[in-house]
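Understanding the architecture of this molecule
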Amino acid sequence: MVLPKRRRNWVALLLLIIGTALCSAVVECRPRRILVDTDVDTDDLFALLYLLKLNRSDFQFEAITINANSWTSAGHAVNQVYDLLYMMGRDDIAVGVGGEGGILQNGTILPNVGGYHPIIDQGMTTVGGCRYRRAIPVGLGGRLDIDANYGIRKEFLPQGKRKYTPLQQPTAQQVLIEKISAGPITLFEFGAHTNIGIFLMSNPHLKKNVEHIYIMGGGVRSSNPTGCCPKNASSSCVPRQCGDRGNMFTDYNTNPYAEFNLFGDPFAAYQVIHSGIPVTLVPLDATNTIPINEKFFDAFEKSQDTHEAQYCFKSLKMARDTWFDDEFYSSYFMWDSFTAGVAFSIMSKSNDHNGENEFAEMEYINITVITSNKPYGISDGSNPLFDGLKVPKFNLEKGGVHSGHIQQGLRDPLCFVKNGKGRCQDGYTAEVHGPNSVRVLVAQKAKPNQDAGSSLDREYFKSFLNILKQPQHAGRFNFTTQFPYYKEAIIVSPTGWANSATIDIIYDLLHMMGRDDIPVGLGDVFAMNQSDPVFSAVGECKYVKAIPHGNGGFLDSDTLYGLARDLPRSPRRYTAENSVKFGAPRDTDHPELRQPLDMEVWESVLQTTKPESKITVLTNGPLTNLAKVVSVKNMSSRIQEVYVVGGHISKNANDKGNIFSVPSNQYAEFNMFLDPLAAKIVFESQVNITLIPLSTQRRVNSFSTIIDILRGTRKTPEAVFSKRLLSRLYRLKQIHNRYHHMDTFLGEILGAVVLADSLSTSSVIYSKFEVKPIKVLADGVESTDGKIVVDDKDGKLVRILTSVEAKAYYNLYGNKLGDQDQSAKIASFEEQTRKWSHPQNSNVKNSHKP
């Protein structure tokens, strides 16, 4: 039947009205664009995968920015995110991390501030202290385990094409500006607020494009359920963080009010929550009501139908198995993933300003973020926003809420209360009224499961498991299904320029060279006397703060300047597996795979060598681990000689050291400065020492010469890789000032070549030495710590390398790398992938199996 034209027009109009009504009643017609800022902790991975599984016609996940001053190290985090997205088939999602911009003394924010430091401490470089981050454990149970994802990341996640590359990696601010400029978008904050805080302060004209910000963090009316004395406990039991508003288990004697995410950068959190943008906060008030309990854990174990579900469960299980006490099921909560679920449920309903959702009870509360402690308007040297400035930074109000005492450390004397609750409130999301408050939608508690017959007691538990196991938008493969002929045999067996999890690069290099027999030990994560006396997993960064966090520093060292992922993948890797035998609270599934510690490796070497045999040691970093060894008589007596690469003996006032990031210290060298007390102990010990000082290193640190030598060297895999790495360092040094110190790393080569030359029957590099009495200064004074001085009275006689024949040195290095008799067994990860993608002929003789 054909309708008259006028009637057709009415029908079309009616359909348009109905369509518009349907869009408004159900969900907006356009997909809701999403950007997530994350610290890539374990619970963040759960949240990311939950969001990646949502219906893409309703939710358009566009970008991830990594906050680099919290629970992870930027270099490890960015590559883990790339691999996670590759598994999920989402290489279209932009990833931003870091940046080299700074903040001027007058408060001017330059482009691309990297977020490695809280806003109040951000200067013009990525060098700096750890005011708030020192509350986060560094080693086991802390950043080491998060950076490596307990060892699961390398075992499970497939490796795609995207990776960190120096000066090509998009920064966090670039990604934020690009995505928010493109139109309305919703932000998720799962970590410290530095990135988003800097963005909002720098780009007020783009606030209008941010529709909403969902935040996991803070504690408004919360009462910490952990650290409490059992009901039947004796009178000697002292409650720890029991009943606190916050959750900082490492710092409750100083600050019992803050939650880790907001404590990471309270000033940035203030900027975000007071930005005028609608905010929904999912604080500890709500997350404390959704702990991982045994019934959920058991249900999760039976619900691993997808790769992403398997990855999440493996991570959760290892977190449980390595938990520091027996209270995992009452103290590990669904933090970020619960926030993702609450946000998803709210966003699925159109124009619900009361935040009605399936998973949490909500309430509007007036709050603020405490950034400094009363009384306001004081000047005690703790507050860089006001102290010593005629005009407060960012034009802040004199005597205002930001002008009080700012917490300076874990045991800040103005905040610390021994065996009691601390006085500082930095990062506290306090419920307040008046002009300094902001009305925020706050999740109060998790809703119970509507299905009374279910074993799961929370409604969100059901959604989380269902979303992860659904086949839509599921992960394509994990590492072993990416390469169907991959075979693995795990072999049972870091106070410098790289974080602890970078131990995996050592494993990969050894595997390339066919030396999986060489044991690798994990050393201490703090310089001597820098770990906290109350809680040893956290500590100070007095010396390591001299190392940049961004370009030319940790970001590059942790990724081997973007080349680590080109190395062949070793079957050995760091894992968090542990054993009661070594002091763990319980055995994990595979305690035999536990990562050995440095002293255990020393014990093993001594036990497997003849008592009369002697050991020669080469050190290419801080002397933290060696200081422990020389303090044990049965170990130090077995040392033939120690070759120490580092130290500087100044000849005159113009003969400077290389601590470029500490202007007050002009004559020390990095390896000595990063742990001066350890260096002092080693140089006062009875062991024989050969010092390869900075002055001698500088005579043979020509990039162009060594690269030319490698061009003419036989193209063994190790020679090719070394040339690529050195060429990259040289190119970076030439084009960007953040890499001006790359010559420093050429000196590390000299130590290895000198040692190899000394072990040969005749020297070919014509090494010359002199003996001098020297000592290392380690008095806790920043301007002199690590300095080496000649002291005829109290110094130790040390053999010092004064020169080598440069041409012979370069040739020996090239010849060693080109020696096919001791060449690499596997050239690269690319070679491995070709092998693992096809069935292998088991009859081929001498085939190498990884």
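Residues numbered from 1 in each chain as written. Predicted model: local features only at pLDDT ≥ 70, side-chain atom pairs only at ≥ 80, totals over all residues. Heavy atoms only, no water.

Some words on the overall build of the protein chain
The helix and strand inventory of the protein chain stands at 29 helices and 15 strands. Relative to a compact globule of 850 residues, whose C-alpha radius of gyration would be 29 Å, the protein chain shows 29 Å and is just as compact. Judged by the C-alpha coordinates and their principal axes, the protein chain covers about 100 × 75 × 60 Å. The buried share of the protein chain, reckoned over its 850 residues, is 57%. Accessible surface computed for the protein chain: about 35200 Å², of which carbon and sulfur atoms make up 52%. (Helix = DSSP H or I, 4+ residues; strand = E, 2+ residues; numbered from the N terminus. Rg over C-alpha atoms; globule rule 2.2 N^0.38 Å. Buried < 20%, exposed > 50% of the residue type's maximum accessible area, 1.4 Å probe, protein only. Areas by Shrake-Rupley, 256 points an atom, 1.4 Å probe, with all protein chains shown as cover.)

Concerning the sheet that holds strand β6 (residues 279–282)
Strands sit in the order β3-β2-β1-β4-β5-β6-β9-β7-β8 across an open sheet of nine strands; the sheet is mixed. Taken across any chain shown, the strands that pair with only one partner, and hence form the sheet edges, are β3 (94–97) and β8 (429–431). Sheet twist, expressed as the mean angle between neighbouring strand axes with direction ignored, is 30°. Across eight bridges, strand β7 (residues 360–369) lies against strand β9 (residues 438–446) in antiparallel orientation. Following the sheet pairing, I365 is matched in β9 by V440. Across the face of the sheet, helix α14 (residues 336–347) comes into contact with β1 (32–38), β2 (59–66), β4 (185–190), β5 (210–216), β6, β7 and β9 while running at roughly 160° to β4. (Pairing = 2+ DSSP bridges. Axes fitted to C-alpha atoms, helices over the stretch in contact; angles between N-to-C directions. Contact = heavy atoms within 4.5 Å.)

Focus: the pattern of salt bridges
Under the counting rule described, the total for this entry stands at 41 salt bridges. Between R221 and E363 there is a salt bridge whose closest N-O contact spans 3.1 Å. On the criterion of sequence distance, the pair formed by R221 in the loop between β5 and α8 (260–263) and E363 in strand β7 is long-range, its members being 142 residues apart. On the basis of relative accessibility, which here comes to 35%, the residue R221 falls in the partly exposed class. Residue classification places E363 among the partly exposed positions, given a relative accessible area of 31%. Between D589 and K317 there is a salt bridge, with the nearest N and O atoms lying 2.6 Å from each other. (Salt bridge = Lys/Arg side-chain N within 4 Å of Asp/Glu carboxyl O.)

Thoughts on the state of the cysteines
Considering all chains together, one arrives at four disulfides under this definition. Between C229 and C237 runs a disulfide, and the two sulfur atoms are separated by 2.1 Å. Handedness of the C229-C237 disulfide follows from its S-S torsion of about -100°: it is left-handed. There is a disulfide in this structure between C415 and C424, and the S-S distance comes to 1.8 Å. Looking at C424, the relative accessible area reads 2%, which means it is buried. (Disulfide = S-S within 2.5 Å.)

A few points about the sheet that holds strand β10 (residues 615–619)
Read from one edge of the open sheet, six strands run β10-β11-β12-β15-β13-β14, paired in mixed fashion. Every interior strand has two partners, whereas the edge strands, β10 and β14 (788–790), have only one. Strand-to-strand twist across the sheet, computed as the mean angle between neighbouring axes with direction ignored, equals 35°. Bridge count between strand β12 (residues 689–692) and strand β15 (residues 796–803): two bridges; the pairing is parallel. Bridge pairing in β15 places T690 opposite R799. Contacting β11 (639–645), β12, β13 (768–776) and β15, helix α23 (residues 676–683) runs over the sheet at an angle of about 120° to β13. Along the sheet, helix α27 (residues 743–759) contacts β10, β11, β12 and β15; its crossing angle with β11, the most-contacted strand, is approximately 150°.

Here's the deal with unusual backbone geometry
The residue after K374, namely P375, is reached through a cis peptide bond having omega 5°. Topologically, P375 is positioned in the loop between β7 and β8. The phi dihedral of Y150 is positive, around 65°, even though this residue is not glycine. The buried category is assigned to Y150, whose relative accessible area is 8%. Positive phi is not limited to glycine here, since L167 has a value of about 65°. The exposure class of L167 is partly exposed, given its relative accessible area of 38%.

Brief notes about the environment of V525
You can see V525 is positioned in the loop between α17 (503–512) and α18 (554–557). As for V525 and S500, which are separated by 25 residues in sequence, their C-alpha atoms are 7.1 Å apart.

What to know about the pairing of β10
Side chains I615, V617 and T619 of β10 all project onto a buried face; the interleaved residues T616 and L618 project onto a face where none is buried. As judged from the five bridges shared by β10 and β11, these two strands associate in the parallel manner. Residue pairing for β11: L618 is matched across the bridge by Y643.

Some remarks on the packing of helix α11 (residues 294–301) against helix α15 (residues 459–469)
Between α11 and α15, whose axes approach to 11 Å, the crossing angle comes to 15°. As summarised for this structure, α11 and α15 are arranged roughly parallel, according to the angle between their axes. Every pair of crossing elements has a handedness; the one defined by α11 and α15 is right-handed. Residues F296, A299 and F300 of α11 form the contact with α15, whose participating residues are F461, F464, L465 and L468. For the contact of α11 with α15, the residue count by class is seven nonpolar, no polar and no charged. (Parallel < 35°, antiparallel > 145°, perpendicular 65-115°, else oblique. Left-handed = near helix turned anticlockwise from the far one by under 90°. Nonpolar A, V, L, I, M, F, W, Y, C, P; charged D, E, K, R; others polar.)

Here's the deal with helix α12 (residues 307–321)
Between its terminal C-alpha atoms α12 stretches 21 Å, which fits the 21 Å expected from 15 residues at 1.5 Å a residue. A large share of α12 lies buried, amounting to twelve of its 15 residues. Considered for burial, the residues of α12 that qualify are H307, E308, A309, Y311, C312, F313, S315, L316, K317, M318, A319 and D321. (Expected span 1.5 Å × (residues − 1).)

Points about the side chain of N67
By the secondary structure assignment, N67 is in the loop between β2 and α3 (74–87). Accessibility expressed as a relative area gives 0% for N67, which makes it buried. Apart from residues no more than four positions distant in its own chain, N67 is found in contact with D37, T38, D39, E189, F190, G191, A192 and N195.

Observations concerning the confidence of the model for the protein chain
Across the protein chain, the average pLDDT comes to 90, with 94% of residues at or above 70. Within the model, pLDDT remains below 50 along residues 488–493, and this stretch shows 14 contacts once partners closer than five positions in the same chain are excluded. Between residues 842–850, whose pLDDT stays under 50, and residues either more than four places distant or in other chains, the model counts 13 contacts. (pLDDT = per-residue confidence, 0-100.)

Let's talk about the packing of helix α2 (residues 42–52) against α12
Relative to each other, α2 and α12 sit at 165°, their axes nearing to 10 Å. The orientation of α2 relative to α12 falls into the category roughly antiparallel. As α2 runs across α12, the sense of the crossing is left-handed. Contacts from T42, L45, F46 and L49 of α2 reach α12 at E308, Y311, C312, S315 and L316. Taken together, the residues of the contact of α2 with α12 break down into six nonpolar, two polar and one charged.

Focus on helix α28 (residues 806–817)
Taking 1.5 Å of rise per residue, the twelve residues of α28 would be expected to cover 16 Å, and the 17 Å separating its terminal C-alpha atoms lies within 8% of that figure. Every buried residue of α28 is accounted for by A808, Y809, Y810, L812, Y813, G814 and L817. In this structure, the buried side of α28 is in contact with α25 (703–711), α26 (717–735) and α27.

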